[in-house]
Structure formats: C-alpha cells, structure tokens
Amino acid sequence: QLQLVESGGGLVQPGGSLRLSCAAPGFTLGLYAIGWFRQAAGKEREGVSCISTSGGTTDYGDSVKGRFTISRDNAKNTVYLQMNSLKPEDTAIYYCAAGNLFRPCVPSAMDYWGKGTLVTVSS
C-alpha cells in the first residue's frame, strides 16, 4: 500500500506563503500522477493542483491559479505545493494524493491519500 506523508502546514497570515511537501518513503512517487486537494470545514474536498508523472504538465483550480505552484523532484521522491498570497479562504486540510492520471484533477481519480496537513490563514 502506497503511503503518502504531507508536511509543511501551519498558521500563516493573509498574504503570506507556505510550502507543502508530499513524500512516500519506500515507494517510487515518480510512477504516479500527484494531486493536492483540500477540504475546509463543512465543505467538500476539492482539487487544488495536479501534476503529471514527469512534472511536465500541471493543472490548477481557478481559485489558486497564479498563487500556487505545484512541482516535483522525482530524484528526491517529493512533490511540492508552493502557496503564495494566501487568503483566509485557503484555510483547509491539505491532502496529497496519488493516481494513474493527473486529469481530471478530482478526488475520485486518485487511489492513495495522505492523512493531510492543516493550513490556517488568519490574522
């Protein structure tokens, strides 16, 4: 079973930045498309960004486009989500997920999930 581990969440002020990491010790993450998803309290889980196996193609949700950047370093077996210009509405638990396809970037397309890391954007 593929085990995904997120890190980097925390409390940040509006306008601030945070970088999340997704790792899978003992597994080759480069074999999978990776997505970042988030779920705010009382809301459905939504796609934030997804990336192809090679990292050559990416998708972003409209609400984060221009502010967030997904990337991967397969040599380090790690996927990142750089979050800039954070807004209170970005507050959510962020999950890393793996699957065979990076499109569509929806939760049902992913097969393996991390436990999530909490991002809180508040002043």
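What counts, and where the lines are drawn
- Residues numbered from 1 in each chain as written.
- Predicted model: local features only at pLDDT ≥ 70, side-chain atom pairs only at ≥ 80, totals over all residues.
- Heavy atoms only, no water.
- Disulfide = S-S within 2.5 Å.
- Helix = DSSP H or I, 4+ residues; strand = E, 2+ residues; numbered from the N terminus.
- Buried < 20%, exposed > 50% of the residue type's maximum accessible area, 1.4 Å probe, protein only.
- Pairing = 2+ DSSP bridges.
- Axes fitted to C-alpha atoms, helices over the stretch in contact; angles between N-to-C directions.
- Phe/Tyr/Trp six-rings, centres within 6.5 Å; stacked < 30°, edge-to-face > 60°.

Undergrad: Would you mind showing me how to read the state of the cysteines here?
TA: Any covalent bond linking the sulfur atoms of two cysteines counts as a disulfide. Within this structure, the stated rule accounts for two disulfides. For Cys22, the disulfide goes to Cys96, at an S-S distance of 1.9 Å. An S-S torsion of about -75 degrees defines the bridge between Cys22 and Cys96 as left-handed. Here Cys22, found in strand S3 (residues 18–23), pairs with Cys96, found in strand S9 (residues 92–99); they are 74 residues apart in sequence, far enough to count as distant. No difference in accessibility class separates Cys22 from Cys96, as the two residues are buried. Put simply, Cys50 and Cys105 are joined by a disulfide, and their sulfur atoms are 2.0 Å apart.

Undergrad: Please explain the pairing of S9 as it appears in this structure.
TA: If a strand is regular, its side chains alternate between the two faces of the sheet. Among the eight residues in S9, seven count as buried, and that is most of the element. Note that strand S4 (residues 33–39) and S9 share seven bridges and pair antiparallel. Opposite Arg38, over in S9, you have Tyr94 as the bridge partner. As paired elements, S9 and strand S11 (residues 117–121) share three bridges and run antiparallel to each other. Residue pairing across strands places Tyr94 opposite Thr117, the latter belonging to S11.

Undergrad: Sorry if this is basic, but what is going on with the sheet that holds S3 here?
TA: Taken together, four strands build an open sheet; the order of strands is S1-S3-S8-S7 and the sheet is antiparallel. Edge positions in the sheet fall to strand S1 (5–7) and strand S7 (68–73), since each has one partner strand and no second. When strand polarity is set aside, the average angle formed by the axes of neighbouring strands in this sheet is 15 degrees. When S1 meets S3, the two strands line up antiparallel, connected through three bridges. By the bridge assignment for S3, Val5 is matched with Ala23.

Undergrad: Can you help me understand the packing of aromatic side chains in this one?
TA: Given two aromatic rings, their pairing is described by the distance between the two centres and the angle made by the two planes. Going through the model one piece at a time under the given rule, you end up with three aromatic pairs. Here the aromatic rings of Tyr32 and Tyr112 are separated by 6.1 Å at their centres, their planes lie at 80 degrees, and the arrangement is edge-to-face. Of this pair, Tyr32 sits in the loop between S3 and S4 while Tyr112 sits in strand S10 (residues 112–113); the two residues are 80 residues apart in sequence, bridging distant segments of the chain. Ring centres of Phe37 and Trp113 lie 5.0 Å apart, and the angle between their planes is 55 degrees; this geometry places the pair in the tilted category. Of this pair, Phe37 sits in strand S4 while Trp113 sits in strand S10, and the two are 76 residues apart along the sequence. Judged by its relative accessible area of 0%, Phe37 is buried. On the basis of relative accessible area, Trp113 is assigned to the partly exposed category, the value being 26%.

Undergrad: Is there a simple way to explain the pairing of strand S8 (residues 78–83) in this structure?
TA: In terms of burial, S8 is largely enclosed, as five of its six residues are buried. Sheet topology note: the S3/S8 ladder contains six bridges and is antiparallel. Along S8, the bridge assignment pairs Leu18 with Met83. Where S7 meets S8, six bridges bridge the pair, whose relative direction is antiparallel. Paired with Asp73 across the strands is Thr78, a residue of S8. As consecutive antiparallel partners, S7 and S8 are separated by four residues, and within that stretch Asn77 has a phi angle of approximately 60 degrees, a positive value.

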